[in-house]
Every structure is written in structure tokens, then in C-alpha cells.
Amino acid sequence: MKACKGHFSKISLFEPEMLTDNYPPINKSWLQLEEDFKIKQVSRIANEIERLKEILSRKGLKYSTWIGDFSTVDLGAERNKLWENAWIISNCKITGKESVLDVGGASTIFSFYLASKGCEVFVIDIDWFNYGLVSNAQYVNKKMGWNMRIFKRNITLPFPFQNNYFDHVFCISVLEHLPSSERQKVSREMGRVLKINGILGLTFDYDEKRGQLEKSGDNGLRFSMFRKIKTDIINPSGLSIYGNTKLTDDCPKEHFMGALFLKKRATNTIA
Ligand SMILES: C[S@@+](CC[C@H](N)C(=O)[O-])C[C@H]1O[C@@H](n2cnc3c(N)ncnc32)[C@H](O)[C@@H]1O
């Protein structure tokens, strides 16, 4: 294999064990999102996602916006969501042959993109505000002839999948909305259904003003709360960090958004 000029070429060649703290972080916040979009692999995926949005819109098919409904469009927020999607996908090996699970991702362009690449895509989502996220996803899948299975189901219940089934599991902007005990249940299940060498790609945010969990004083997750990430996600999942283990939290104190990759190694055990 030829020597790579940049570390990101190495990432795009999928040499997972070569990702160490000497390489630029993949576990990072979105602060440099425009810089990240200049990386070839990220920009290719971002462009393909945008093209897929156009194709679906031309066919009159709906996908959810950044806020998880079908109406609210905020261009800045959509750009942030594009980073989440493209960053996660570009740092996982996707050839189109994978079986993947998207936890809390019904009707997202993220899950539709993976299906459009040929992946077998499973989604579990409860459709928390009854927007029709699950029925729309099932409709779009049928119209597009993709290989998706979308379950209307509470993710805090045991997943209806066997151990070690999925090449990758994703959970984008979901865990911060759950109380700690439920995050732990979901994390355990995500680790259980992931194959050895599979990657769990997560994004989560922290919002000082978040309403749902205020009573417990929990406004979400951020790298500077690493102990919470360990207790709520890493330990119950039984997985270990993939890529840089130094998680630098350089976001403002009011708000954080970042991506974290975990890997199932043969030596991992569930806590
Ligand atoms: C903030 S949205 C994120 C949606 C999507 N992953 C994205 O990136 O845009 C949270 C999603 O998680 C789902 N969700 C929240 N709590 C859930 C639960 N207990 N069981 C199943 N799905 C849940 C919601 O229905 C919603 O689709």
C-alpha cells in the first residue's frame, strides 16, 4: 500500500487500528465543521446526501429536518446536521454491503442515505411527537425499493435483534434526550447487537437550556463530562473508544455538539 500524504487519507482507507492520538481527532466537536467539509471523503458524502435530498423532493418524498419533523427548516441547523451525518458516515466503512442499525432515526436523510448506498438498514424509533416519522420512512423505503426495516418501538426496551448482528450501529442526537438509566439500557443494547470490529457512531449535544431533563439537572452530554459519558454510554456498551481518546471540549459553556466513535473489540466485555 502506498504511503498516504494526510492522515485523513488513512482514515478513508479504513485502517482502524492506525487511528491513534497522533492523528487528528475523529472524536470531536463540530466547531471546525467548514474545515471538516473540505476533507475529500466528507465533502463527497455531504454532496451525495444533498443530492439524495433533491431526488427525494423531486419525487414528492419526505425526510425529516434537523429538528425531527417535516416542517421546520433552519439552514444553519441543517448545515450542522449535515456535518453530523457526513462526519459519522465518513469515519465508518460503508461499502453498501453492511447491515446497519440507526437508533432513533426514522425518516432521517442519514438512514435513507445508507439505504440508498445498498446497506440493509434497520431503524427503531418511537416517533415521539407523532409526526408520522415511522410510517413516512416505511413509505419512502417502499417507493425507493430500498432494503430497510423500520420498527415503531421504544429504544429503551430490549432490541429485537440477535447478538453481534450489525456491522455498524448509529445513534444521532438521541441519547442526550434520555435520562441516565435509559441511556445505559440503550447503550448496552447497542453494544450487544454490534459485530466484533463494528463501530458505534454517536453524536450528542449539551444544551444549557434543555427542557426535558432539567428536573434531574441533566442537560445532555458533552466531552467535558467524560465521567457521565463513561457511565452512561461507554461502560454499559462494553465497547471502547475508536480513534483519539483525548476528548477536547472547546465548545462554549452553553452548548456542545460532538461525535464519538466506539468499537467492539474481541476483548471487550459488557459491564
Ligand atoms: C432529536 S431526534 C433525532 C433524530 C435523528 N436521529 C436525527 O439525527 O435527526 C430524536 C429521535 O429519537 C426518537 N426517540 C426519542 N426517544 C425515543 C425512545 N424512547 N424510543 C424510540 N425513539 C425515541 C425520536 O422519535 C426522534 O426521532
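Refer to the structure above for everything that follows.
Residues numbered from 1 in each chain as written. Predicted model: local features only at pLDDT ≥ 70, side-chain atom pairs only at ≥ 80, totals over all residues.

Colleague: How should I be thinking about the overall build of the chain in this particular structure?
Modeller: When you go through the chain residue by residue, the secondary structure sums to eight helices and eight strands. Counting across all 271 residues of the chain, residues that qualify as buried make up 42%. A separation threshold of at least 6 residues defines the contact pool for the chain, and within that pool the share at least 24 residues apart is 73%. (Helix = DSSP H or I, 4+ residues; strand = E, 2+ residues; numbered from the N terminus. Buried ≥ 20, exposed ≤ 12 C-beta atoms within 10 Å, placed from the backbone. Contact = placed C-beta atoms within 7 Å.)

Colleague: What is the right way to read the packing of helix α7 (residues 180-193) against helix α8 (residues 226-237) from this model?
Modeller: Each pair of packed helices can be described by the angle between their axes along with the distance between the axes. Two numbers describe how α7 lies on α8: the axes approach to 7 Å, and their chain directions differ by 25°. The angle between the axes of α7 and α8 places the two elements in the roughly parallel class. When you trace α7 past α8, the crossing you get is right-handed. Counted together, S180, R183, Q184, S187, R188, M190 and G191 of α7 and D232, I233, P236 and S237 of α8 form the full contact between these two elements. Residue classes in the contact of α7 with α8 are distributed as three nonpolar, five polar and three charged. (Axes fitted to C-alpha atoms, helices over the stretch in contact; angles between N-to-C directions. Parallel < 35°, antiparallel > 145°, perpendicular 65-115°, else oblique. Left-handed = near helix turned anticlockwise from the far one by under 90°. Nonpolar A, V, L, I, M, F, W, Y, C, P; charged D, E, K, R; others polar.)

Colleague: Explanation requested: the pairing of strand β5 (residues 166-172) in the structure shown.
Modeller: Residues in a regular strand project their side chains so that they alternate between the two faces of the sheet. Of all seven residues that make up β5, seven are buried, and the element is covered over most of its length. As paired strands, strand β2 (residues 99-103) and β5 are joined by three bridges and run parallel to one another. Bridge pairing links V100 to H168 in β5. As paired elements, β5 and strand β6 (residues 194-207) share six bridges and run parallel to each other. Among the inter-strand pairings, F166 is bridged to a residue of β6, identified as L194. Crossover β5 to β6 through α7 is right-handed. (Pairing = 2+ DSSP bridges. Right-handed = clockwise from strand over helix to strand, strands pointing away.)

Colleague: What is the right way to read the site of the ligand from this model?
Modeller: Neighbouring residues of the ligand: 18 residues in total, closest G68, G104, I126, W128 and I172. By residue class, the composition of the shell around the ligand is seven nonpolar, nine polar and two charged. (Near = placed C-beta within 6 Å.)

Colleague: Can you help me understand the environment of V169 in this one?
Modeller: Examined against the element boundaries, V169 turns out to sit in strand β5. Through-space distance from the C-alpha of V169 to that of V123 is 9.9 Å; in sequence the pair is 46 residues apart. Those residues in contact with V169, other than ones at most four positions away along the chain, are L101, V103, M190, V193, L194, G198 and L200.

Colleague: Can you walk me through the nonpolar core in this structure?
Modeller: The nonpolar side chains of a soluble globular protein tend to be buried with one another. In this structure, A86, V103, V169, C171 and L175 are the most contacted members of the largest nonpolar core, which totals 66 residues. Not counting the four nearest positions on each side in its chain, C171 is found in contact with V103, G104, M190 and L202. (Core = buried A, V, L, I, M, F, W, Y, C linked by C-beta atoms within 7 Å.)

Colleague: Before we go on, may I ask you to explain the packing of helix α3 (residues 40-58) against helix α4 (residues 75-90) in this structure?
Modeller: Running from N to C, α3 and α4 cross one another at 125°; their axes reach a closest spacing of 9 Å. Between α3 and α4, the angle falls in the class oblique. Note that α3 runs across α4; the crossing there is right-handed. For the pair α3 and α4, the contacting residues are Q41, V42, I45, A46 and I49 in the first and L82, N85, A86, W87, I89 and S90 in the second.

These values are about where atoms sit, not about what they do.
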